[in-house]
Amino acid sequence: MIEQATYDVAIIGGGLAGLSLSILMAKQQRTVVLFEKEKYPFTKVCGEYISLESYGFLERLGMPLAEMDLPIITELLITSPSGKELRQKLPLGGFGISRYWLDNELKKIAEGLGVKIYDGTKVFSVDFENNIFGSDTTAGKFRSTICTAAFGKRSNLDVAWKRPFIAAQKKGLNNYIGVKYHVTADLPAEQIALHNFKDGYCGISRIEAGNYCLCYLTTAANLKASGNNMEEMERNILSENPQLKKIFSSVNKLDNQPVTISQVSFEQKSLIQDHVIMLGDAAGMITPLCGNGMSMAMHSASLFSAIANEFLSGKISRAQMENHYQKEWNKYFKKRLQTGRLIQRFFGKKSVTNLFIGILKLFPFVVNKIIKQTHGKPF
């Protein structure tokens with residue numbers, strides 16, 4: 001089919017950044033179309049701990065979080081590959097909720113506000129001509145005044161655009177795989193745990209209905225060394241950490257198969273590509289051990305929505321819109337991403353991680369400072 005109407009905003013990607021932006025723009029009486037390659041509801045490879053800096057924002061979008069009886073997370077547990085523990089109270093804290101539930105509820109809110117959502121839809125290409133975008137999709141060709149990319153960690157459009165992080169040689173910060181399960185477990189509801197192992201780390205925290213999200217990140221080399229068998233990798237590599245050995249031997253996996261993703265990159269990314277605005281992970285992915293990617297995705301949508309409304313109201317030019325967004329994004333997120341990449345270098349090698357955690361135990365105020373460097377204030 002061919003869409004003749006020109007939307008104010010087209011959004012490629014229906015995760016937290018894309019859905020948040022769609023709701024914010026719809027509340028400003030803008031016409032919005034959103035494309036998501038998966039069919040709702042679905043789960044994503046990510047931890048499911050969200051910093052409390054986003055709590056009020058989600059409620060303003062229409063999520064009745066206070067009525068959902070969600071776990072409030074106040075403590076961080078970090079273990080070294082040898083099993084050495086570091087416990088720390090979180091300065092702000094967070095809450096647990098599955099992406100399967102959260103994204104689907106936001107999708108319903110967006111549709112209720114008039115957002116046109118095409119899920120199960122792939123975007124092949126985007127062109128920009130005469131100040132209008134054309135998005136070529138499996139659902140047809142769509143026109144829009146603004147086009148944003150909120151498609152997450154990696155997309156076919158990244159490849160088509162030849163973004164630098166795609167072409168980068170596979171090495172330290174750009175060749176990870178992610179694996180995620182939902183499990184039942186007998187673990188503290190108020191705690192998020194980060195268990196380190198050789199060339200990776202595994203996070204586990206409580207979500208709704210008393211279940212837990214277990215998600216780990218490791219190198220492609222670890223999987224290859226395990227014959228590309230994840231269960232063997234969990235037994236022989238992850239379980240070298242005695243804490244993880246206990247967890248994997250006691251949890252009950254609720255999923256028949258884990259959700260996985262490969263070629264995860266934490267390299268620096270461009271914020272604008274051929275006038276398409278990048279949001280969330282498409283603009284820059286913070287290392288998961290910092291536990292704040294979802295809040296950053298929503299915050300980026302909040303920042304851009306205000307700037308986009310100025311442009312659509314004729315108050316600023318497209319060039320001013322793009323420039324203002326880049327300045328705001330760098331103001332709030334550039335330092336966080338740099339800190340995350342720096343911290344990432346202290347995790348992975350067993351001896352370095354063991355030493356680093358041992359040092360942090362002696363200086364708990366440093367842990368608090370690191371957490372504050374990777375998190376923001378309520379927005």
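Rules used in this analysis
Residues numbered from 1 in each chain as written. Predicted model: local features only at pLDDT ≥ 70, side-chain atom pairs only at ≥ 80, totals over all residues. Heavy atoms only, no water. Buried < 20%, exposed > 50% of the residue type's maximum accessible area, 1.4 Å probe, protein only. Helix = DSSP H or I, 4+ residues; strand = E, 2+ residues; numbered from the N terminus. Pairing = 2+ DSSP bridges. Salt bridge = Lys/Arg side-chain N within 4 Å of Asp/Glu carboxyl O.

Caption draft 1: Geometry of the pairing of strand 13 (residues 212–219). Most of strand 13 is tucked away: 8 of the 8 residues are buried. Residues of strand 13 alternate between two faces, with Y212, L214, Y216 and T218 on one and C213, C215, L217 and T219 on the opposite face, all of them buried. Two elements, strand 10 (residues 176–184) and strand 13, share 8 bridges in a ladder whose sense is antiparallel. By the bridge assignment, Y176 is partnered in strand 13 with T219. Sheet topology note: the strand 12 (residues 200–206)/strand 13 ladder contains 7 bridges and is antiparallel. When the sheet's bridge partners are listed, G200 is paired in strand 13 with T218. As consecutive antiparallel partners, strand 12 and strand 13 are separated by 5 residues, and within that stretch A209 has a phi angle of approximately 60 degrees, a positive value.

Caption draft 2: Molecular detail of the pattern of salt bridges. Counting across every chain of the model gives 13 salt bridges. In this structure, R336 engages E53 in a salt bridge whose closest nitrogen and oxygen atoms are separated by 3.6 Å. Placement of the pair is R336 in helix 10 (residues 318–344) and E53 in the loop between strand 3 (49–51) and helix 2 (55–61), with a sequence separation of 283 residues. Among the residues examined, E53 registers a relative accessible area of 1% and is labelled buried. Salt-bridge contacts for E234 lead to K253; the nearest nitrogen and oxygen are separated by 3.1 Å.

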